[in-house]
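For reference, the chains in residue letters:
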Amino acid sequence: MFEDFRAAWREAVANFWRELRAEEDADARAAYREMGRARTQLERLDAELADTRRRLATEREQAAVCDRRQRMARQIGDVETARVAGEYAARHRERAAVLERKADALEAERALCRRDLDEMERAVQDGRVAPGRSVLEDLERDPAEAEFRNLEDATRERAAAERLEELKRRMGR
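Given the structure is predicted, the values throughout are model-derived calculations rather than measurements. (Residues numbered from 1 in each chain as written. Predicted model: local features only at pLDDT ≥ 70, side-chain atom pairs only at ≥ 80, totals over all residues. Heavy atoms only, no water.)

## Observations concerning the overall build of the chain
And step 1. The helix and strand inventory of the chain stands at four helices and zero strands.
And step 2. When the elements of the chain are put in sequence order from the N terminus, they spell out α-α-α-α.
And step 3. In the chain, once contacts between residues fewer than 6 apart in sequence are set aside, the share between residues at least 24 apart is 81%.
And step 4. With an accessible surface of roughly 12900 Å², the chain has 52% of that area assigned to carbon and sulfur atoms. (Helix = DSSP H or I, 4+ residues; strand = E, 2+ residues; numbered from the N terminus. Contact = heavy atoms within 4.5 Å. Areas by Shrake-Rupley, 256 points an atom, 1.4 Å probe, with all protein chains shown as cover.)

## Remarks on the pattern of salt bridges
And step 1. One pass over the structure, following the stated rule, counts 14 salt bridges.
And step 2. The residue Glu 48 makes a salt bridge to Lys 102 at a minimum N-O spacing of 3.9 Å. Taken together, the residues span a long stretch of sequence, with Glu 48 in helix α1 (residues 2-75) and Lys 102 in helix α2 (residues 79-126) at a distance of 54 residues.
And step 3. The residue Glu 59 makes a salt bridge to Arg 95 at a minimum N-O spacing of 3.8 Å. In this pair, Glu 59 is assigned in helix α1 and Arg 95 in helix α2, connecting sequence segments 36 residues apart.
And step 4. A cluster of three or more residues bridged by salt bridges with shared partners is formed by Arg 39, Arg 114, Asp 118 and Glu 121. (Salt bridge = Lys/Arg side-chain N within 4 Å of Asp/Glu carboxyl O.)

## What about α2?
And step 1. Along its 48 residues, α2 runs 70 Å from first to last C-alpha, staying within 8% of the 70 Å computed at 1.5 Å per residue.
And step 2. Trailing α2 by a residue or two, Gly 127 shows a phi angle of about 85°, which is positive. (Expected span 1.5 Å × (residues − 1).)

## Some words on the nonpolar core
And step 1. Residues Met 35, Ala 38, Leu 42, Leu 45, Leu 49, Ala 103, Leu 106, Cys 113, Leu 117 and Val 124 constitute the largest nonpolar core, which totals ten residues.
And step 2. Of all elements in the fold, only α1 and α2 reach the threshold of two or more residues within this core.
And step 3. In contact with Ala 103, not counting residues within four places along its chain, are Leu 49 and Thr 52. (Core = buried A, V, L, I, M, F, W, Y, C linked by side-chain atoms within 4.5 Å. Buried < 20%, exposed > 50% of the residue type's maximum accessible area, 1.4 Å probe, protein only.)

## A short note on the environment of Asp 46
And step 1. Within the fold, Asp 46 resides in helix α1.
And step 2. Given a relative accessible area of 31%, Asp 46 falls into the partly exposed group.
And step 3. Between the C-alpha atoms of Asp 46 and Arg 110, which are 64 residues apart in sequence, the distance is 7.5 Å.

## Details of the confidence of the model for the chain
And step 1. Overall, the predicted model of the chain reaches an average pLDDT of 80, with 69% of residues at or above 70.
And step 2. The least confident element of the chain, judged by mean pLDDT, is helix α3 (residues 133-141) at 46; the most confident is α2 at 92. (pLDDT = per-residue confidence, 0-100.)

## Let's talk about the environment of Leu 99
And step 1. Tracing the sequence through the fold places Leu 99 in helix α2.
And step 2. Along the chain, Leu 99 and Arg 54 lie 45 residues apart, while their C-alpha atoms are 9.8 Å from each other.
And step 3. In this view, Leu 99 contacts Thr 52, Arg 55, Leu 56 and Glu 59; residues no more than four positions away in its chain are not counted.

## Concerning the side chain of His 92
And step 1. Looking at where His 92 falls in the secondary structure, it is placed in helix α2.
And step 2. Note on His 92: relative accessible area 12%, which makes it buried.
And step 3. Excluding its chain neighbours within four sequence positions, the residues that come into contact with His 92 are Glu 59, Gln 62, Ala 63 and Cys 66.

Listed below in structure tokens is the structure:
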């Protein structure tokens, strides 16, 4: 009987370590997924920033065209065309100012995203993928402690499950 207990105990300890490593693998997969999301976000920001810069250049060009039309209309004495051209130039300059601020904000967001992605990549390279990795390393240093923690956790889980079942029985009456 003692041999059966010892075999069961060894199996339980082996299962514990297997599950712990599987959890670490899951954390690593999650980290890689998060890195993929960050790369996608960075690509989206790059595309949006390029689009904003193109629109900004267009608005500046349009403002310059309107300014030129306003000058030409004034030279020939066409007050109404000069007024309309001036209004449109002001609108294009206003849009350009908004797009400049948007480009600045996108550049700042891109810098943050790039920094986060670089940090994630360093963590993967350094082997610090999983946030719980230090706990895993602590447990690996003292396997006996891990076994006892596992037993304590299992005991708490069983007690909680029993209380839950008792509550369900009481509420079912």
